[in-house]
Amino acid sequence: QVQLVESGGGLVQPGGSLRLSCAASGTIFGINTMGWFRQAPGKEREFVAGITLSGGTTDYADSVKGRFTISRDNAKNMFFLQMNSLKVEDTADYYCAADRSRTIWRSVRSWDYWGQGTQVTVSS
């Protein structure tokens, strides 16, 4: 069983930065894709960023491209989301996710493992 735990959420002013972390534990052998999703109040959960364990291939939602960066530390079984130039519309609960193979990155149902979420609020 794979467990994921997010940390780093909080309140930040527009234009500020936050760094989210996701720690993986349990039976993580075979995990190859890692990612971040977010869900704003009253909205559907949406893909934010993803990365592969092998090769480090990345992809981002258009709304965050150029502002957010996903990275991973394979030795520590952790991955991160660096969020810069934050906007009010980035306010949401952020979830880390992981999967083994055949992942459709933008499909919530394709990912097998999920964290509990961490809240990010961007407000002046």
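These numbers come from a predicted model, not from an experiment. (Residues numbered from 1 in each chain as written. Predicted model: local features only at pLDDT ≥ 70, side-chain atom pairs only at ≥ 80, totals over all residues. Heavy atoms only, no water.)

> Run through the pattern of salt bridges, naming residues and quoting values.
Per the stated rule, a full pass over the model turns up five salt bridges. Between Arg38 and Asp90 there is a salt bridge, with the nearest N and O atoms lying 2.9 Å from each other. Of the two residues, Arg38 is situated in strand β4 (residues 33-39) and Asp90 in the loop between β8 (78-83) and β9 (92-99); the sequence distance between them amounts to 52 residues. The exposure class assigned to Arg38 is buried, which follows from its relative accessible area of 6%. In this structure, Lys65 engages Asp62 in a salt bridge whose closest nitrogen and oxygen atoms are separated by 3.7 Å. Exposure class is identical for Lys65 and Asp62. Each is exposed. (Salt bridge = Lys/Arg side-chain N within 4 Å of Asp/Glu carboxyl O. Helix = DSSP H or I, 4+ residues; strand = E, 2+ residues; numbered from the N terminus. Buried < 20%, exposed > 50% of the residue type's maximum accessible area, 1.4 Å probe, protein only.)

> Explain the sheet that holds strand β3 (residues 18-26) to me, using residue names and the numbers behind them.
Across the sheet, four strands lie side by side as β1-β3-β8-β7; this open sheet has antiparallel pairing. Lying at the two open borders of the sheet, with one neighbouring strand each, are β1 (2-7) and β7 (68-73). Going from strand to strand, the sheet's axes swing by 15 degrees on average, the running direction of each strand aside. Judged from the six bridges that link them, β1 and β3 form a sheet pairing that is antiparallel. Bridge assignment links Leu4 to a residue of β3, and that residue is Ala24. (Pairing = 2+ DSSP bridges. Axes fitted to C-alpha atoms, helices over the stretch in contact; angles between N-to-C directions.)

In short, the description is geometric, and any link to function would need to be established separately.
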